[in-house]
Amino acid sequence: MKHSRKLIFVCNGSDCKKEGAKKLYKELKELTDVPPLKGTCKFIKTKCMDMCKTAPNLIVGDHFCKSTTAEKVMAQVKKS
Ligand code: FES
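Residues numbered from 1 in each chain as written. Predicted model: local features only at pLDDT ≥ 70, side-chain atom pairs only at ≥ 80, totals over all residues. Heavy atoms only, no water.

Q: Explain the pattern of salt bridges to me, please; I cannot follow it from the model alone.
A: A side chain with one charge can pair with a side chain of the opposite charge if their charged atoms come near. Tallying each qualifying case throughout the model produces 4 salt bridges. The partner of Lys-18 in a salt bridge is Asp-15, and the shortest N-O contact between them spans 3.3 Å. Here Asp-15 and Lys-18 lie together in helix α1 (residues 14-18), a separation of 3 residues that amounts to about one turn. A relative accessible area of 30% places Asp-15 in the partly exposed class. (Salt bridge = Lys/Arg side-chain N within 4 Å of Asp/Glu carboxyl O. Helix = DSSP H or I, 4+ residues; strand = E, 2+ residues; numbered from the N terminus. Buried < 20%, exposed > 50% of the residue type's maximum accessible area, 1.4 Å probe, protein only.)

Printed below as a string of structure tokens:
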């Protein structure tokens, strides 16, 4: 059974925030709030993922995205 919503776990730890996680979260919310992605993604803020050296980090489904940007995440969202 295919899930209709993609889960995106965004690290909200201090190192990721220092490296732009808040801005990244905001950009991703905006990019996924328009068709055809509107309503397809659920964002979950997490505590530190213990991978601070590669901040900002997030997980799309089962794919770990390190030192990431909104463009890279969107490419992964569309692939998954
Ligand atoms: S603060 Fe994000 S991995 Fe540690």
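Q: Can you walk me through the nonpolar core in this structure?
A: In a soluble, globular protein the nonpolar side chains are often hidden away together inside. Grouped together as the largest cluster of nonpolar side chains are 14 residues, with contacts concentrated most on Ile-8, Leu-28, Phe-43, Leu-58, Val-60, Val-73 and Val-77. For this core, the elements supplying multiple residues, two or more each, are β1 (6-11), α2 (21-31), β2 (41-46), β3 (58-60) and α3 (70-79). The greatest single-element share of this core, amounting to 4 residues, is contributed by α3. Those residues within four positions of Val-77 in sequence are excluded, and the remaining contacts are Lys-6, Ile-8, Leu-37, Cys-41 and Val-60. (Core = buried A, V, L, I, M, F, W, Y, C linked by side-chain atoms within 4.5 Å. Contact = heavy atoms within 4.5 Å.)

Q: Please clarify how the sheet that holds β3 should be interpreted in this entry.
A: Strand order in this open sheet of 4 strands is β2-β1-β3-β4, and the pairing throughout is mixed. Each of the sheet's edge strands pairs with one partner strand only, and the pair in question is β2 and β4 (63-65). Pairwise comparison of adjacent strand axes, ignoring direction, gives a mean angle of 20° for this sheet. Here 3 bridges tie β1 to β3, and the two strands are oriented antiparallel to one another. By the bridge assignment for β3, Phe-9 is matched with Ile-59. Across the sheet, α2 touches β1, β2 and β3, and the angle it forms with β2 is around 165°. (Pairing = 2+ DSSP bridges. Axes fitted to C-alpha atoms, helices over the stretch in contact; angles between N-to-C directions.)

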